[in-house]
Amino acid sequence: MKAIIIGAGRGIRLMPETESIPKCMMDGVGEQRVLDWILDSLTHAGIDDIVFIGGYHIEKVMQAYPHLRFYNNTEWADNNVLESLMYATLEMDTAFVVSYSDIVYRRNVVQRLMASDAEVALVVDRDWQRHYVGRALHLESQAEKVVVQDGWVVKIGKHLPSDKAYGEFIGLAKFSQETARLMRDRYRQIREDYLSHPFHKAPNIRLAYLTDMIQEMIDLGVRVEPVDVWADWAELDTPQDLARVREQLDDQGERGLAQEFWVVRAEGYEQLEWASRQEYLQAVVAAGDFQSGDRVLDVGTGTGIVAHAVSPFVAEVVGVDLSPEMLAHAWASRVANEVFEEGDVCKLRFPNNWFDKVTARMVFHHLIEGGDRAMRECYRVLKPGGVMVLSEGVPPDRSLGDWYTRMFALKEERLTFFEEDLVALMGGGGFDVEQVLMHISPQVSIRNWLRNSGLPQERQDRIIQMHLNLNGIGKQNYNMTFTGEDVLCDFRYVILVGRRRR
């Protein structure tokens, strides 16, 4: 797989930042340049063959990134995104990812894109309208919106009305080998005809956007799949955008965009049935053997559900989470010995040997990068002889591991653990694993889980259908039953107790 980054334009609205550099060379975004963000996300998804299409001050990019392959759009001042991309037609004999150069996105966004096997896959922000609130210089009407029917993109472009939009195309897409060749050949075939005639919504093909060509592919019968994200990215088109992103990311990097993701999830989290199941919470609390003098750290505390369950038995609970929105719910129901604060489990602010116990329920599957580092941090802040309680959901049977991963990929980017993976994770962090417990929460509502997930209805329906289509052995392993429109399953959790060596 290769990637083609389109970065020929000047970015006139970002003057004076772009007075002598293209937009992708702007720095101070999470302590790095915009292009560093893009390259980091691509390489972490396994893409190391990267092409850059430049124009305005291309020599600056070539000097700073000599390992990239370059194409020079010498007429960048007189053409637009589509024609800029077509300077790299020699690269279109294989599948490729294309990225705008004035966006930043989390690593997991590219990983989600790569998981799609559609002819064309477009990353689409479902929470897009929130980004346009107070955005005076870049209006909602300028968003590259998409309309989706039956799970496929049928229309794309800035001209589409907001009330019909499924989401906003962020400027990151993947084309199969067949579609890449079709797009290249179609452009060559029609270019002369549209030099003086409108091409879709562009006055002519030289001024067309990538979205105009994607619409052309749709009209030719190519199936285009949306890959949903919720925030997880940012656009840099105006000084207001740049200031906001610099403030948001500052030195936080991935953490800053992760916070945006949890804004959406916070709203329905406390209505999740599985999360508040008393028998599961009691099993976690029992495993911790909490004492009245214990100072406890609850990492990834979310809305404080575990912290609230632990606090009656201990001296103090400190809940840490990335999301201010999640923490607001925790603060709203806190009691006297609970404290909640924003923080990153991979970089805890607490001194060594500070806590007696650490709890981490359903946290580590979100740590696509940094799980080992987070475990070492939990070890560091524990007193010698202190205990960590770790719990994660696992597939009900090893044979369902692949199905479980594919099903969750429709919901979010996450890791799939088996019991031995969790034992290895905790042991690798320095802990002696003293107990490995299995807990089953019977007959959890899948509809409740999905309705409070922030997922679009179409994605919820696909996940339900995957459960309905599961083979007989799989349904038996889940103890799956059906009531009306709902599916009930036994959820399986591993609870580990690890002790820090003295």
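Residues numbered from 1 in each chain as written. Predicted model: local features only at pLDDT ≥ 70, side-chain atom pairs only at ≥ 80, totals over all residues. Heavy atoms only, no water.

### Topic: the pairing of strand E14 (residues 338–342)
- In this structure, strand E13 (residues 316–321) lies alongside E14, joined through 5 bridges in parallel fashion. Of the residues in E14, the one forming a bridge with Val318 is Val339.
- Note that the unit made of E13, helix H11 (residues 324–332) and E14 has a crossover that is right-handed. (Pairing = 2+ DSSP bridges. Helix = DSSP H or I, 4+ residues; strand = E, 2+ residues; numbered from the N terminus. Right-handed = clockwise from strand over helix to strand, strands pointing away.)

### Re the state of the cysteines
- Per the stated rule, a full pass over the model turns up 0 disulfides.
- Among the cysteines around Cys378, which has no disulfide bond, Cys346 carries the closest sulfur, lying 9.0 Å off.
- Overall, Cys378 belongs to the buried group, its relative accessible area being 0%. (Disulfide = S-S within 2.5 Å. Buried < 20%, exposed > 50% of the residue type's maximum accessible area, 1.4 Å probe, protein only.)

### Notes on the packing of helix H13 (residues 401–409) against helix H16 (residues 457–469)
- Direction vectors running N to C along H13 and H16 enclose 160°, while the axes themselves pass 9 Å from each other. Accordingly, the angle class assigned to the pair H13 and H16 is roughly antiparallel. For the crossing formed where H13 meets H16, the hand is right-handed. Contact with H13, carried on its side by Trp403, Arg406 and Met407, involves Ile463, Met466 and His467 of H16 and no other residues of that element. (Axes fitted to C-alpha atoms, helices over the stretch in contact; angles between N-to-C directions. Parallel < 35°, antiparallel > 145°, perpendicular 65-115°, else oblique. Left-handed = near helix turned anticlockwise from the far one by under 90°. Contact = heavy atoms within 4.5 Å.)

### A word on unusual backbone geometry
- Cis rather than trans, the peptide bond between Met15 and Pro16 has omega equal to 5°.
- Summarising the element assignment, Pro16 is placed in the loop between strand E1 (2–7) and helix H1 (34–44).
- With phi around 45°, Asp289 is a residue other than glycine that occupies positive phi space.
- The phi torsion at Asn353 lies on the positive side, around 60°, for a residue other than glycine.
- Looking at the element boundaries, Asn353 is found in the loop between E14 and strand E15 (355–361).

### A short note on the nonpolar core
- Leu35, Leu42, Leu122 and Phe175 are the most contacted members of the largest nonpolar core, which has 79 residues in total.
- Considering each element in turn, this core owes the most residues, 6 residues, to H1.
- Beyond its immediate chain neighbours, meaning those up to four positions away, Leu42 contacts Ala3, Ile5, Ile47, Ile50, Val97, Tyr105 and Val110.
- Ranked by size, the runner-up nonpolar core spans 46 residues in total, among them Ala307, Met362, Val389 and Ile464. (Core = buried A, V, L, I, M, F, W, Y, C linked by side-chain atoms within 4.5 Å.)

### So, helix H4 (residues 107–114)
- Extensive coverage of H4 is indicated by the burial of 7 of its 8 residues.
- Taken residue by residue, H4 has Arg107, Asn108, Val109, Val110, Gln111, Arg112 and Leu113 as its buried positions.

### Overview of H11
- Taken as a whole, H11 has its buried residues at Met326, Leu327 and Ala330. With its buried residues spanning 95° around the axis, H11 presents them on a single face. (Arc of directions from axis to C-beta.)

### A look at the pattern of salt bridges
- All chains considered together, the criterion is met by 30 salt bridges.
- A salt bridge links Arg13 to Asp237; the shortest N-O distance between them is 2.1 Å. Note that Arg13 is positioned in the loop between E1 and H1 and Asp237 in the loop between strand E11 (233–235) and helix H7 (239–249), a separation of 224 residues in sequence.
- On the basis of relative accessibility, which here comes to 35%, the residue Arg13 falls in the partly exposed class.
- By relative accessible area, which is 12% here, Asp237 ends up buried.
- Two residues, Lys383 and Asp356, come together in a salt bridge whose shortest N-O distance is 3.1 Å. Of this pair, Lys383 sits in strand E16 (residues 382–394) while Asp356 sits in strand E15, and the two are 27 residues apart along the sequence.
- Residues participating in the shared-partner salt-bridge network are Arg126, Glu225, Asp228, Glu458, Arg459 and Arg462. (Salt bridge = Lys/Arg side-chain N within 4 Å of Asp/Glu carboxyl O.)

### Considering the environment of Arg501
- Note that Arg501 resides in the segment after strand E19 (486–500).
- Remark: the alpha-carbon pair of Arg501 and Gly385, spanning 116 residues in sequence, is separated by 5.6 Å.
- Residue contacts for Arg501: discarding those within four places in its chain leaves Tyr379, Pro384, Gly385, Gly430, Phe431 and Asp432.
- At a separation of 2.9 Å, a polar atom in the side chain of Arg501 contacts the side chain of Asp432. (Polar contact = N/O pair within 3.5 Å; in protein donor to acceptor, adjacent residues only side chain to side chain.)

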